[in-house]
Amino acid sequence: MKKNVLYLTLLILSITNIYSQTGSQRSFTTYYDLVDFQMASPGAFKTGLWGFDNPAMLNYNNSNFDLAFLVNDMGQKLFDFNKYGFFYSSKQSGFGIMTVNIGDNSYTDYRTSLGFGSKVFGLGLTYGWTNTSGNIRRSNNMMAVGALYRPISYLSIAGNYSFALDNRDAETVVELGIRPLGNELITLYADASQLNEQNIKDINWSAGIILEPVPGVRINARRFMKTEGITLGVNLSFGNSDLSNINLLNSDNSLISSTYGIRFGGKDRTVLEDVIARQEYKILDLSSNIKYIKNVFFDNSQTLLKILDALDEASNNKNVKGIVVNATQLSASRTMLWEIREKLKEIKSKGKKVIVFIDRANIDIYHFASVGDEVVIDPLGFVSIEGYSLGRSFYKKLLDKSDIGYEEFRYFKYKSAAENFSREEFSEGDREQRQRLVDDWYELAKNEILESRKGVTDNFDNLVNDQMGFMPEEAQQKKLVDKFDRWNNLQKFMREYDKTAGLKNIFADDMYPEPIDNKWGEDEKSIAVIYAEGACDLNTGIRARMLSDLLRMAYEKSSIKAIVLRVDSPGGDAMASDYISKLIQENKGKKPLIVSQGSVAASGGYWLSMEADKIVAAPNTITGSIGVIGAWIYDKGLKDSLGITYDYVKKGKYADLGNSFTLPFIPIGLPVRNLNKDEIEQREKMIKTLYKDFVSRVAKARKMDYEKVDEIAQGRIWTGNDALKIGLVDNLGTLIDAINIAKEAAGIPKNKKVNIKEYPTGQFFDFSALFGSIFGVNIPKAKTEFDDLKFLIENNGIPMPILSIDYWK
């Protein structure tokens with residue numbers, strides 16, 4: 001806090017020292033030239049003039065689009081306007097134009113502004129230029145530097161330094177705002193302006209008060225101490241628009257001028273919320289990919305949390321009559337589909353309608369769609385409730401024919417990650433656990449489909465086994481679907497379905513998010529959602545080094561009251577998993593940490609999870625697989641077949657263990673020899689030792705006996721349903737459920753809205769996806785397959801808590 005104050009002070013004082021010069025002539029529009037356009041000082045009222053008066057205020061502009069027009073009569077006849085203002089802003093950028101007519105003379109100021117920083121401390125820059133006509137002489141170019149500091153919800157300190165670029169004129173402005181109640185109901189403020197090196201006794205300053213007795217109704221009174229003038233203002237918000245009136249009075253209370261303004265665009269508080277709102281259906285278009293983190297540019301995917309949060313908002317909005325879902329090109333993991341379905345089921349339980357459009361639906365898509373009150377199928381669509389199957393390819397013969405050797409170091413019945421290279425078919429243990437997996441998925445789909453589609457005429461097993469699928473007419477006869485229509489005919493369909501309600505995209509309000517000026521400073525209570533996605537590796541996959549830094553930051557930051565760690569990982573390097581697990585263990589009791597398990601949180605992915613205060617999984621999550629495996633792939637004649645020779649020198653018994661030949665132009669190769677008996681025995685000892693350590697850690701973290709954990713471990717995978725029964729997870733639920741559990745654990749009331757902070761942030765854009773779409777090549781998929789191969793080769797021989805790759809594909 002002291003550091004930020006020092007930065008703010010040094011910034012303004014240093015620029016002041018450089019540019020200030022004696023004199024009082026104003027060659028650019030000064031702070032108090034704007035008083036007839038200002039409802040109050042910018043640090044006290046919303047975001048001021050959208051950066052025109054203090055660019056640092058743009059840090060509190062939460063809207064993607066805001067447009068305002070203001071006119072002032074300058075004491076002339078009513079509605080005979082001589083001063084005009086146009087102001088536009090989008091997030092942290094702003095642009096303004098102000099024209100002043102004085103008889104036959106006029107000038108127009110143009111200013112473009114940019115704000116950057118946080119809600120606690122922000123800076124801003126403005127560049128302006130002026131066009132004049134007649135006898136007016138003003139500076140052609142100016143700049144301004146603004147600063148804003150709000151350490152707590154009760155206090156706002158702001159400053160602004162403006163200076164001409166073609167002469168030495170300058171102005172320094174300081175502002176102070178106080179909110180006695182810590183919210184927008186009452187705001188007291190004062191400001192002062194010093195022109196050049198004006199004597200302190202000569203500077204103008206003002207003080208005032210803003211009252212907002214009800215949301216969106218603001219009343220302002222401001223007194224200028226030097227001139228004894230007064231401004232009285234009223235601002236009325238209608239949500240996405242508002243009207244304002246500002247009257248400037250002389251010391252004898254005679255009217256000097258009146259300003260009238262209108263704004264539209266960004267959402268604002270309003271007492272008329274229930275009056276202006278209309279009943280509507282929200283459109284949830286799921287035709288793009290769903291993932292955890294999206295890129296900033298060139299990425300049309302949607303994130304899971306954004307979808308769940310939007311559905312949560314709709315569920316609690318009394319003006320939302322229902323949700324219309326486009327599932328015609330739905331691409332998401334089975335677990336994500338279940339999580340979204342759960343929120344739709346919650347919406348349905350509150351009496352709102354859910355309408356789902358499908359075209360060609362397999363069992364996963366139909367399971368998802370079956371939650372709808374109305375399932376609408378394309379007239380040429382198809383429903384296939386085919387059941388579930390898990391298979392894998394085996395490469396033993398391929399490796400033999402390719403002169404590639406492979407040794408599997410497997411000492412636990414169900415730890416099957418490496419058997420597809422060492423066998424020609426399933427082992428007994430892998431067949432058993434895979435069959436249990438598909439049985440559980442089948443039962444989940446069956447029970448939830450029948451629960452939602454109570455009118456289904458046939459026995460569910462018959463629907464699966466009697467034929468491969470159903471054309472629309474057959475599906476309707478069997479009560480699997482309700483209507484025939486196509487998604488691109490949505491508008492007409494909804495007019496016929498419900499003529500009284502509107503239709504609006506569920507994410508449309510993202511363009512006009514809720515204002516944040518009601519709360520100064522950092523949000524007192526926020527929850528961090530941190531994603532651990534991919535193989536457990538120090539620098540790729542979950543990027544454990546970076547992830548541990550994010551987790552440490554979340555523990556140390558006082559505004560973050562709880563942490564949700566979303567795990568979607570098949571495991572990998574035990575060291576990478578322990579980077580995270582150890583950090584959670586060391587900080588136990590400091591803040592609640594809840595793990596939300598995604599599609600896969602098994603083996604090293606469970607290692608990531610086990611130290612959490614609570615573990616929340618979906619019923620179809622793949623978890624468990626508490627075990628360790630190793631393998632050694634090596635050259636068994638391939639290099640000779642390719643005409644490659646290899647030679648080396650060494651000092652040290654095991655120095656040549658990883659010596660590998662490499663292919664020309666391709667940075668991969670294989671070790672030139674197999675392990676000997678001594679080396680295999682050492683690997684076995686390492687694997688069994690690591691397994692014992694893994695089981696012991698789980699037993700301690702989950703408060704279970706070692707023997708009990710060992711019994712359900714042995715590398716065995718479990719669904720979320722089964723994991724709940726045997727004590728490996730605590731709850732079944734969605735990511736939102738995990739966040740709500742974290743809120744409760746942090747002592748935050750359930751109905752209190754908190755700020756969700758997601759980490760890590762997305763990259764700017766993905767070159768491979770961009771160019772792949774241009775040239776029609778799936779570069780990301782090809783890159784992923786190569787990365788998998790590279791990961792296995794780089795970790796050759798290392799004991800690893802990892803799941804078979806095909807599970808997490």
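What you see is a predicted model, and the numbers here were worked out from it, not measured in a lab.

**A closer look at the overall build of the protein**
Right, so step 1: The secondary structure content of the protein amounts to 21 helices and 34 strands.
Right, so step 2: Taken along the three principal axes of its C-alpha coordinates, the protein extends 100 × 75 × 55 Å.
Right, so step 3: In the protein, buried positions account for 53% of the 809 residues.
Right, so step 4: Of all intrachain contacts in the protein linking residues separated by at least 6 positions in sequence, the fraction that spans at least 24 positions is 65%.
Right, so step 5: When the accessible area of the protein is evaluated, it comes to approximately 36,300 Å², of which 54% is carbon and sulfur surface.
Right, so step 6: Treating the 100 positive side-chain charges of the protein as one cloud and the 103 negative ones as another, the clouds have centres 2 Å apart.

**What about the sheet that holds strand S15 (residues 280-285)?**
Right, so step 1: Strand order in the open sheet formed by six strands is S22-S20-S19-S18-S15-S23, with parallel pairing between adjacent strands. Two strands close off the open sheet at either side, each with one partner strand: strand S22 (483-484) and strand S23 (502-505).
Right, so step 2: Direction of pairing for strand S19 (residues 353-361) relative to strand S20 (residues 374-383): parallel, over a ladder of six bridges. Looking at S20, one finds that Phe-357 is bridged to Val-376.
Right, so step 3: Packing against the sheet, helix H11 (residues 490-497) makes contact with S15, strand S18 (320-326), S19, S20, S22 and S23, and its axis sits at approximately 140° to S19.

**Some thoughts on helix H13 (residues 574-586)**
Right, so step 1: When the terminal C-alpha atoms of H13 are compared, their 18 Å separation across 13 residues agrees well with the 18 Å that a helix rising 1.5 Å per residue should span.
Right, so step 2: Here H13 has its buried residues at Ala-574, Ala-576, Ser-577, Asp-578, Ile-580, Ser-581, Leu-583 and Ile-584.
Right, so step 3: Elements in contact with the buried residues of H13: helix H12 (544-556), strand S25 (560-569), strand S26 (593-602), helix H14 (604-609) and helix H16 (677-702).
Right, so step 4: Sitting at the head of H13, Asp-573 places a side-chain oxygen 2.9 Å from the backbone nitrogen of Met-575.

**Brief notes about unusual backbone geometry**
Right, so step 1: Cis rather than trans, the peptide bond between Tyr-759 and Pro-760 has omega equal to -10°.
Right, so step 2: Looking at the secondary structure, you find Pro-760 in the loop between strand S34 (755-759) and helix H20 (767-775).
Right, so step 3: For Trp-50, which is not glycine, the phi dihedral falls at a positive 55°.
Right, so step 4: Residue placement: Trp-50 occurs in the loop between helix H1 (2-19) and strand S1 (66-72).
Right, so step 5: We note that Glu-228 has phi near 65°; this positive angle belongs to a residue other than glycine.
Right, so step 6: With respect to the helices and strands, Glu-228 occurs in the loop between strand S11 (217-224) and strand S12 (230-237).

**Quick word on the packing of helix H3 (residues 304-315) against helix H4 (residues 334-349)**
Right, so step 1: Their axes nearest at 9 Å, the elements H3 and H4 cross at an angle of 5°. Comparing the axis directions of H3 and H4 gives the class roughly parallel. Facing Leu-304, Ile-307, Leu-308, Leu-311, Asp-312 and Ser-315 of H3, the residues of H4 in contact are Met-336, Glu-339, Ile-340, Lys-343, Leu-344, Glu-346 and Ile-347.
Right, so step 2: Split into classes, the residues belonging to the contact of H3 with H4 amount to eight nonpolar, one polar and four charged.

**Some words on the confidence of the model for the protein**
Right, so step 1: Mean pLDDT over the protein stands at 89; residues scoring 70 or higher make up 91%.
Right, so step 2: By mean pLDDT, the top-scoring element of the protein is strand S27 (residues 614-617) (98), and the lowest-scoring one is H1 (40).
Right, so step 3: Every residue in residues 1-25 scores below 50 in pLDDT, and together they form 40 contacts with partners more than four places removed in sequence or on other chains.
Right, so step 4: Contacts of residues 768-783 to residues separated by more than four positions or lying in other chains number seven contacts, the stretch itself having pLDDT below 50.

**Some remarks on the nonpolar core**
One recurring pattern in soluble globular proteins: nonpolar side chains tend to sit buried together.
Right, so step 1: Judged by nonpolar contacts, the single largest core of 71 residues is most densely connected at Leu-284, Ile-323, Ile-340 and Ile-358.
Right, so step 2: Looking at this core element by element, the count peaks at seven residues for H3.
Right, so step 3: Setting aside residues up to four positions removed in sequence, Ile-340 forms contacts with Leu-284, Ile-290, Leu-304, Ile-307, Leu-308, Leu-311 and Phe-368.
Right, so step 4: Listed in part, the 57 residues of the second largest apolar core include Ala-554, Leu-583, Leu-593 and Ala-612.

**A look at the packing of aromatic side chains**
Right, so step 1: Enumeration according to the criterion identifies 27 aromatic pairs in this entry.
Right, so step 2: When the ring of Trp-607 is compared with that of Phe-694, the centres are 4.7 Å apart and the planes differ by 35°; the resulting orientation is tilted. Residue Trp-607 is found in helix H14, and its partner Phe-694 is found in helix H16; the two are separated by 87 residues along the sequence. With respect to class, Trp-607 is no different from Phe-694; both count as buried.
Right, so step 3: Cluster of aromatic residues (ring-pair linked, three or more members): Phe-65, Phe-69, Phe-86, Tyr-88 and Phe-264.

What counts, and at which threshold
- Residues numbered from 1 in each chain as written.
- Predicted model: local features only at pLDDT ≥ 70, side-chain atom pairs only at ≥ 80, totals over all residues.
- Heavy atoms only, no water.
- Helix = DSSP H or I, 4+ residues; strand = E, 2+ residues; numbered from the N terminus.
- Buried < 20%, exposed > 50% of the residue type's maximum accessible area, 1.4 Å probe, protein only.
- Contact = heavy atoms within 4.5 Å.
- Areas by Shrake-Rupley, 256 points an atom, 1.4 Å probe, with all protein chains shown as cover.
- Lys, Arg positive; Asp, Glu negative; His and termini not counted.
- Charge placed at Lys NZ, Arg CZ, Asp CG, Glu CD.
- Pairing = 2+ DSSP bridges.
- Axes fitted to C-alpha atoms, helices over the stretch in contact; angles between N-to-C directions.
- Expected span 1.5 Å × (residues − 1).
- Polar contact = N/O pair within 3.5 Å; in protein donor to acceptor, adjacent residues only side chain to side chain.
- Parallel < 35°, antiparallel > 145°, perpendicular 65-115°, else oblique.
- Nonpolar A, V, L, I, M, F, W, Y, C, P; charged D, E, K, R; others polar.
- pLDDT = per-residue confidence, 0-100.
- Core = buried A, V, L, I, M, F, W, Y, C linked by side-chain atoms within 4.5 Å.
- Phe/Tyr/Trp six-rings, centres within 6.5 Å; stacked < 30°, edge-to-face > 60°.

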